[in-house]
Amino acid sequence: MKIEAVTLHRIRMQLVMPFATSYGTYHDRETIIVQVQDEQGLSGWGECVAFETPWYTEETVQGAWHMLQQFLIPLLLQQPLDDPQQLSGRWKGVRRNPMAKAGLEMAVWDLFAKQQHKPLYQLVGGVNRQPKVGVAIGLQREIPDYFQLIDQYVEQGYERIKVKIKPGSDLSLISALRARYPQLALMADANSAYTLADAEHLQKLDAFGLLMIEQPLAVDDIIDHAKLQRELQTPICLDESIVSYDDARHALELESCRVINVKLGRVGGWNEALRIHQLCQEKNVRLWCGGMLETGIGRAHNMALASLPGFTLPGDISASSRYWERDIIAPEVTVAGGRVTLPDLPGIGFAVDQRFLHSLTLDKLVVQAADAQPM
Ligand SMILES: O=C(O)CCC(=O)C1=CC=C[C@@H](O)[C@@H]1C(=O)O
Ligand SMILES: [Mg+2]
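Residues numbered from 1 in each chain as written. Chains lettered and ligands numbered in written order. Predicted model: local features only at pLDDT ≥ 70, side-chain atom pairs only at ≥ 80, totals over all residues. Heavy atoms only, no water.

An unreviewed UniProt entry lists the protein under the name o-succinylbenzoate synthase, from Paenibacillus montaniterrae. Within the UniProt record for the protein, the comment given under Function (unreviewed entry) is "Converts 2-succinyl-6-hydroxy-2,4-cyclohexadiene-1-carboxylate (SHCHC) to 2-succinylbenzoate (OSB)." Note on the protein: under the UniProt heading Cofactor (unreviewed entry), the record states "a divalent metal cation". (UniProt positions renumbered as here; feature names shortened; annotations may be inferred.)

Rendered as structure tokens:
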């Protein structure tokens, strides 16, 4: 598999509504779209999901751009690949930087699938072309704002609702939502807003039958989460704490969580995500596909991830229109009956609207294999 060129497109898209979390609010979304082309002119597409700011994890758009340009693209182009699985070894010398690695690796997987004339989901072992999906709601000002949004999303068929919580916006919110929606599959994402000192307070959430509480404690912790899980009936789901297969293995050994939210960007790409999937299959631990406010390119990869047999819980894979006036893929991702449908087409299965992509582009870098500097 010889790659002729790699192109990075730094784009900014306006969110249709702000997305507020315990650590900050997103009004628009800058992201890096990664394109790899072979000698036949076929393109594979990926998305580096680092945010502009280092509040979710330490990676940023600028930092990832630098890692891709200086290290990861040269390592990719230094010699042909037989298979995208070889990338893990190729990049072993580069510490961490999972989102930068994932964006490029996703594009290589998409290209490889297209060269095999196969849908990406089939190549990675997917079995479910219509995975169930949920929707994530950012922190709202008033409880009625939640009711209006949830009524709308339930009407649109979403079967699982995720809300953000933080100290001062947790018990009263969850209690009000549970009273209005006694049967709704409901979960809460704290984005590390609590500490072990809040254990007794968080225990009160056990009364509301939440599916899970996502990442209540520090972003790089699995020890205190194990102590907290022993105090809670509600399953803890880890997100930010799991940035590799080994993190997942350690968290399961310590019983730090009962559910894992897998994000291709956060764990470093398909190869690592598939290892985590295998591990959780063996340990019978439930998985779901998390979201990163992606464009349709990242969303399409997430759909393939959610098609794997171990992804039994609804993922944060909402319709393109939940985030964007217009998406950069055609057709856009839509939700019907609480599910998305994976196209039976080669690669990610969606075309990229390159004219619209170009109109959103703030910065572009093209690296021809012939010009790539050896590492
Ligand atoms: O993309 C989606 O639909 C999920 C959005 C979401 O909940 C999150 C996206 C990115 C970082 C976090 O704020 C949060 C999460 O922790 O999952
Ligand atoms: Mg989360």
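By the secondary structure assignment, Glu-240 is in the loop between strand S8 (236–238) and helix H9 (245–253). For the buried Glu-240, no salt bridge is present, and the opposite-charge side chain at shortest range is Lys-263, 6.1 Å distant. With sequence-adjacent residues up to four places away left out, Glu-240 is seen in contact with Tyr-56, Asn-191, Gln-215, Val-219 and Arg-266. (Helix = DSSP H or I, 4+ residues; strand = E, 2+ residues; numbered from the N terminus. Buried < 20%, exposed > 50% of the residue type's maximum accessible area, 1.4 Å probe, protein only. Lys, Arg positive; Asp, Glu negative; His and termini not counted. Salt bridge = Lys/Arg side-chain N within 4 Å of Asp/Glu carboxyl O. Contact = heavy atoms within 4.5 Å.)

Moving on, we get to the pairing of strand S1 (residues 3–21). Here S1 pairs with strand S2 (residues 24–38) via 14 bridges, running antiparallel. Considered in S2, the bridge of Thr-7 is made with Gln-35. Between the end of S1 and the start of S2, which pair antiparallel, lie two residues. (Pairing = 2+ DSSP bridges.)

Turning our attention to helix H1 (residues 61–77). At Leu-68, H1 shows its largest bend, some 45°. All of the buried residues in H1 are Val-61, Ala-64, Trp-65, Met-67, Leu-68, Leu-72, Ile-73, Pro-74, Leu-75, Leu-76 and Leu-77. The inward-facing, buried residues of H1 abut S1, S2, strand S3 (43–48), helix H2 (87–90), helix H3 (98–115) and strand S13 (361–368). (Bend = angle between axes of the 7 residues up to and from the residue.)

Of the voids in this model, the largest pocket is the one considered here, and its volume is about 490 Å³. Arg-96, Lys-101, Ser-244, Val-267 and Glu-272 are, among the 20 residues lining the largest pocket, the residues nearest its centre. Elements with a minimum of two residues in the lining of the largest pocket: H2, H3, H9 and helix H11 (270–283). Three or more residues apiece are contributed to the lining of the largest pocket by two domains, here domain 1 (3–118 + 353–371) and domain 2 (122–351). As a volume, the second largest pocket reaches approximately 260 Å³. (1 Å grid on protein atoms, 1.4 Å probe; cavity = no way out; pocket = protein on both sides within 12 Å on 5 of 7 lines; lining within 4 Å. Points joined across faces, edges and corners; volume = space filled by probe spheres on them. Domains from an automatic or database assignment.)

Attention shifts here to the sheet that holds S1. If you trace the four strands from one edge of the open sheet to the other, you get S3-S2-S1-S13, paired in antiparallel fashion. Each edge of the open sheet carries a strand with a single partner, namely S3 and S13. This sheet shows a mean twist of 20° between the axes of neighbouring strands, independent of strand direction. H1 contacts S1, S2, S3 and S13 of the sheet and is inclined by roughly 155° relative to S1. Strands S2 and S3 of the sheet are contacted by helix H12 (residues 296–306), whose axis makes an angle of about 95° with S3. (Axes fitted to C-alpha atoms, helices over the stretch in contact; angles between N-to-C directions.)

Bringing the site of ligand 1 into the picture now. Surrounding ligand 1, one finds 18 residues, the nearest of these being Tyr-23, Asn-191, Lys-263, Leu-293 and Tyr-323. One nitrogen or oxygen atom from the side chain of Lys-263 is found 2.9 Å from an oxygen atom belonging to ligand 1. Protein chains bury 100% of the 400 Å² of accessible surface belonging to ligand 1 in isolation. For ligand 1, the cavity whose grid points lie within 2 Å of the majority of its atoms is the largest cavity. Of all the secondary-structure elements, those providing two or more residues to the shell around ligand 1 are S1 and strand S5 (160–164). Taken together, the residues of the shell around ligand 1 sort by class into eight nonpolar, three polar and seven charged. The residues that make up the shell around ligand 1 include at least three from each of domain 1 (3–118 + 353–371) and domain 2 (122–351). (Near = heavy atom within 4 Å. Polar contact = N/O pair within 3.5 Å; in protein donor to acceptor, adjacent residues only side chain to side chain. Areas by Shrake-Rupley, 256 points an atom, 1.4 Å probe, with all protein chains shown as cover. Sits in = over half its atoms within 2 Å of the grid points. Nonpolar A, V, L, I, M, F, W, Y, C, P; charged D, E, K, R; others polar.)

A word on the packing of aromatic side chains. Considering all chains together, one arrives at seven aromatic pairs under this definition. Here Phe-51 and Tyr-56 contribute two aromatic rings whose centre-to-centre distance is 6.2 Å and whose plane-to-plane angle is 90°, an arrangement assigned as edge-to-face. Here Phe-51 and Tyr-56 have matching classes, each one buried. One aromatic cluster is present, built from ring pairs that chain together Tyr-23, Tyr-26, Phe-51 and Tyr-56. The ring of Tyr-245 carries Arg-275 above its face, with NZ or CZ at 4.0 Å from the centroid. (Phe/Tyr/Trp six-rings, centres within 6.5 Å; stacked < 30°, edge-to-face > 60°. Lys NZ or Arg CZ within 6 Å of the ring centre and 35° of its normal.)

A word on the UniProt feature "domain: Mandelate racemase/muconate lactonizing enzyme C-terminal" (unreviewed entry) in the protein. Annotation from UniProt places "domain: Mandelate racemase/muconate lactonizing enzyme C-terminal" (unreviewed entry) at residues 143–235. Secondary structure content for residues 143–235 is 38% helix and 13% strand, while the C-alpha to C-alpha distance between its ends is 25 Å.

Here the magnesium ion (ligand 2) is held by the protein donor atoms Asp-189 (OD), Glu-214 (OE) and Asp-239 (OD), which lie 2.1 to 2.3 Å from it. Between consecutive donor residues of the magnesium ion (ligand 2), the sequence gaps follow D-x24-E-x24-D. Of this pair, Glu-214 sits in strand S7 (residues 213–214) while Asp-239 sits in the loop between S8 and H9, and the two are 25 residues apart along the sequence. With respect to burial, Glu-214 and Asp-239 carry one shared label: buried. (Donors = N, O, S within 2.8 Å, 3.2 Å for Na, K, Ca; no water.)

So, on to the sheet that holds strand S4 (residues 134–137). Strand order across the open sheet formed by seven strands is S4-S5-S6-S7-S8-S9-S10, with parallel pairing between neighbours. Of all the strands in the sheet, the pair left with one neighbour each is S4 and strand S10 (286–289). As paired strands, strand S6 (residues 185–189) and S7 are joined by two bridges and run parallel to one another. From the neighbouring strand, Asp-189 faces S7, where its bridge partner is Glu-214. Across the face of the sheet, helix H6 (residues 171–180) comes into contact with S5 and S6 while running at roughly 160° to S5.

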